[in-house]
Amino acid sequence: MNPETEFREGLDELAEHYTEVLKLLGEDPEREGLVKTPMRVAKAMQILTRGYTQDAHKVLTDALFEEKYNQMVIVKDIDFFSMCEHHMLPFYGKVHVAYIPNGKITGLSKIARVVDIYSHRLQVQERLTQQIKDCIQETLNPQGVMVVIEAKHMCMQMRGVEKQNSITTTSDYSGVFNSLNTRQEFMSLLRGESKRI
Ligand SMILES: Nc1nc2c(ncn2[C@@H]2O[C@H](COP(=O)(O)OP(=O)(O)OP(=O)(O)O)[C@@H](O)[C@H]2O)c(=O)[nH]1
Ligand SMILES: [Zn+2]
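Residues numbered from 1 in each chain as written. Chains lettered and ligands numbered in written order. Predicted model: local features only at pLDDT ≥ 70, side-chain atom pairs only at ≥ 80, totals over all residues. Heavy atoms only, no water.

An unreviewed UniProt entry lists the chain under the name GTP cyclohydrolase 1, with Segatella copri given as the organism. Under the heading Sequence similarities (unreviewed entry), UniProt records this for the chain: "Belongs to the GTP cyclohydrolase I family." We quote the UniProt Subunit (unreviewed entry) comment for the chain here in full: "Homopolymer." (UniProt positions renumbered as here; feature names shortened; annotations may be inferred.)

Take a look at the structure:
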C-alpha cells in the first residue's frame, strides 16, 4: 500500500498550522532541520488519530465464527499507545481482554485491532476501556466481557505532577463478569506466567 494514500483530507492545512506553532514556540521554521517538520508532524498526528475513520464494530462482525466453546478466552498484554485528550500527550501500556463466548468467537487478532482503533483517537483511559468492552459486547454478544488497561501517562511524567512510575489501572466488564468468581478467574490467569511460552 502506498503510505501517501493513508493520509486524510486537511493534511496540508494541518502542516500550515504546525508552521505557525513552531513560530509561536520561538523556532525558525525555515532552518534546515525544521523545513519538513510541519508536514512530518501533520502526518504523525493523522496516523495517531486514524481511529476516527475506522469502524471497530465492522472489524469484529467481519470475523465472527460459530463455535461451541463456552469457556474464557483471554488476550492479554496487547500493547497500545494513545493520546490523552487533555494535553495531547501519549499514554501507553497494556490492554487485557477476556470474554466468554455465547456461540460465536472472533479472530484473536481482531481484538487487538479493536484496541488499535479506539486507542488511535484522543482518549481518556476510562473511555478507552469502556469502548473496547462495549464494542465486543455489542458485536459478539458473549456471555460477558472484561477489559483491564494498565497505563503510564506522559502528561504525568514529563510535565505537571512529574511522577515517573505511577501506573493507572482501569477495568470494565459486563454479563457473567459481574460475578466476583469470574473476575477472579480472569485476574488469576492474567497474573499467570506467560513468559514460559
Ligand atoms: N481520568 C483521567 N484523567 C486523565 C487522563 N489522562 C490525563 N488525565 C488527567 O486530566 C487532568 C486534567 O486536569 P486539569 O487540571 O484540567 O489540567 P492540568 O492543569 O494540566 O493538570 P495537571 O496535570 O495536574 O497539571 C489531569 O489531572 C491529568 O492527570 C485519563 O486518561 N483519565
Ligand atoms: Zn493528559
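Still more to cover.
It is worth spelling out the sheet that holds strand E2 (residues 73-84) at this point. What the five strands build is an open sheet, ordered E5-E2-E3-E6-E7; its pairing is mixed. If you trace the sheet from one side to the other, it starts and ends with strand E5 (122-123) and strand E7 (168-173), each paired once. As paired elements, strand E3 (residues 90-100) and strand E6 (residues 144-153) share ten bridges and run antiparallel to each other. Within the sheet, the bridge partner assigned to Ile100 lies in E6 and is Gly144. The strands touched by helix H5 (residues 125-140) within the sheet are E2, E3, E5, E6 and E7, with E6 carrying the most contacts at an inclination of about 155 degrees. (Pairing = 2+ DSSP bridges. Helix = DSSP H or I, 4+ residues; strand = E, 2+ residues; numbered from the N terminus. Contact = heavy atoms within 4.5 Å. Axes fitted to C-alpha atoms, helices over the stretch in contact; angles between N-to-C directions.)

Taken together, Cys84, His86, His87, Val124, Gln125, Glu126, His153, Cys155, Met156, Arg159 and Gly160 make up the full set of residues near ligand 1. Interatomic distance of 2.7 Å between a side-chain N/O atom of Glu126 and a nitrogen atom of ligand 1. Contact with the protein chains removes 51% of the 620 Å² of surface that ligand 1 exposes when unbound. Every element with two or more residues in the shell around ligand 1 is listed here: H5 and helix H6 (154-157). Across the shell around ligand 1, the residue classes tally to four nonpolar, five polar and two charged. (Near = heavy atom within 4 Å. Polar contact = N/O pair within 3.5 Å; in protein donor to acceptor, adjacent residues only side chain to side chain. Areas by Shrake-Rupley, 256 points an atom, 1.4 Å probe, with all protein chains shown as cover. Nonpolar A, V, L, I, M, F, W, Y, C, P; charged D, E, K, R; others polar.)

What follows is about the nonpolar core. Judged by nonpolar contacts, the single largest core of 28 residues is most densely connected at Phe80, Val95, Val97, Val114, Ile132, Ile136 and Ile149. Elements with a contribution of two residues or more to this core: helix H3 (56-61), E2, E3, helix H4 (108-119), H5 and E6. Counting residues in each nonpolar core, the second largest holds eight residues, with Ile100, Met146, Phe177 and Leu190 among its members. (Core = buried A, V, L, I, M, F, W, Y, C linked by side-chain atoms within 4.5 Å. Buried < 20%, exposed > 50% of the residue type's maximum accessible area, 1.4 Å probe, protein only.)

Each pair of donors in an ideal octahedron of six around a metal sits at 90 or 180 degrees, and each pair in an ideal tetrahedron of four sits at 109.5 degrees. The protein atoms that coordinate the zinc ion (ligand 2) are Cys84 (SG), His87 (ND1) and Cys155 (SG), at distances of 2.1 to 2.4 Å. All donors to the zinc ion (ligand 2) come from one chain, and their sequence spacing reads C-x2-H-x67-C. Residue Cys84 is located in strand E2, and its partner Cys155 is located in helix H6; the two are separated by 71 residues in the primary sequence. Given a relative accessible area of 4%, Cys84 falls into the buried group. With a relative accessible area of 11%, Cys155 lands in the buried category. (Donors = N, O, S within 2.8 Å, 3.2 Å for Na, K, Ca; no water.)

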